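# Structural characterization, general
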Amino acid sequence: FTDYRYKLRLFNSDKSKNKKYSFSQNHFHTDLPGIGSVNHYDNTFKWIPGDKTRIDFNAGLVIQTSFMDPNIPVYKFSLGTSIMHSFNDWLTAYMYSRYISPPVNRHEGFSDAVFFNNPVFLQNEVGAGINAKYKSTNIDFQIFSIYGAEHNEVKPVHSKIRIGF
């Protein structure tokens, strides 16, 4: 998913004795000076059907602003799912999808040119990737495609590599 600078865990039920599932609430925030901001309040249900597989379902509220209209935020709903499978201690493959609704507080034909197909802001997205960990290094290779619900079009496949230490 999109990278965020701030992540705040609001609630987590991982402390239950049953490790097959958990529920958490998160708040992701990104402030992009001169461009806009994103606040994403997310409720995630994690299900672990086996030792090496995890399935996540999430729903939330997205609040985005852009420099074109910074005083009136755009409210949208989000739905998503992801499937992860660990092949061993250091290699994991995953697939994910995310749907962002049209704005709920704007008229039906509203389209902000800053938000549309801009990967800095949350978008409708499908993707897959491979994550490898070695000691304190994390390498993530991801392919994804952004699709616009407003215009029923799919952007070409994009890729990114993230390396963390």
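Note that the structure is predicted; figures quoted are calculated from it, not measured.

## What to know about the overall build of the chain
For the chain, the helix and strand inventory stands at zero helices and ten strands. If you list the helices and strands of the chain from N to C, you get β-β-β-β-β-β-β-β-β-β. Residues classed as buried in the chain amount to 35% of the 165 residues present. Put simply, 46% of the contacts in the chain that link residues at least 6 apart link residues at least 24 apart. As displayed, the chain has an accessible area near 10,200 Å², and 62% of this comes from carbon and sulfur atoms.

## Here's the deal with unusual backbone geometry
At Lys-135, a residue that is not glycine, the phi angle is positive and equals roughly 50°. Looking at the secondary structure, you find Lys-135 in the loop between β7 (125-134) and β8 (137-148). For Lys-135, a relative accessible area of 75% corresponds to the exposed category.

## Some points on a nonpolar patch on the surface
On the surface, Ile-139, Phe-141, Ile-143, Val-157, Ile-161, Ile-163 and Phe-165 cluster together to form a nonpolar patch covering roughly 760 Å² of accessible area. A per-element tally of the nonpolar patch places β8 first, with three residues. Mapped onto the fold, Ile-161 is located in strand β10 (residues 158-164).

## Considering the side chain of Asn-124
With respect to the secondary-structure elements, Asn-124 resides in the loop between β6 (91-100) and β7. A distance of 2.4 Å separates the side chain of Asn-124 from the backbone nitrogen of Ile-100, its partner in a polar contact.

## Details of the nonpolar core
If you look at the biggest cluster of nonpolar residues, it comprises eight residues: Val-38, Val-62, Val-74, Ile-100, Val-114, Phe-115, Phe-121 and Leu-122. Ignoring anything within four residues of it in the chain, the contact list for Val-62 reads Asn-39, His-40, Val-74, Tyr-75, Lys-76, Ser-78, Ile-100 and Leu-122.

## Let's talk about the environment of Tyr-75
For Tyr-75, the location among the structural elements is in strand β5 (residues 74-86). It is 8.5 Å that separates the C-alpha atoms of Tyr-75 and Pro-102, two residues lying 27 residues apart in sequence.

## Quick notes on the packing of aromatic side chains
Counting across every chain of the model gives two aromatic pairs. Between the aromatic rings of Tyr-21 and Phe-45, the centroid separation amounts to 6.3 Å while the plane-to-plane angle is 25°, which identifies the pairing as stacked. On the criterion of sequence distance, the pair formed by Tyr-21 in strand β2 (residues 21-32) and Phe-45 in strand β3 (residues 36-47) is long-range, its members being 24 residues apart.

Parameters at a glance
- Residues numbered from 1 in each chain as written.
- Predicted model: local features only at pLDDT ≥ 70, side-chain atom pairs only at ≥ 80, totals over all residues.
- Heavy atoms only, no water.
- Helix = DSSP H or I, 4+ residues; strand = E, 2+ residues; numbered from the N terminus.
- Buried < 20%, exposed > 50% of the residue type's maximum accessible area, 1.4 Å probe, protein only.
- Contact = heavy atoms within 4.5 Å.
- Areas by Shrake-Rupley, 256 points an atom, 1.4 Å probe, with all protein chains shown as cover.
- Patch = residues over 30% accessible without salt bridge, like charges linked within 9 Å, V, L, I, M, F, W, Y side chains within 5 Å.
- Salt bridge = Lys/Arg side-chain N within 4 Å of Asp/Glu carboxyl O.
- Polar contact = N/O pair within 3.5 Å; in protein donor to acceptor, adjacent residues only side chain to side chain.
- Core = buried A, V, L, I, M, F, W, Y, C linked by side-chain atoms within 4.5 Å.
- Phe/Tyr/Trp six-rings, centres within 6.5 Å; stacked < 30°, edge-to-face > 60°.

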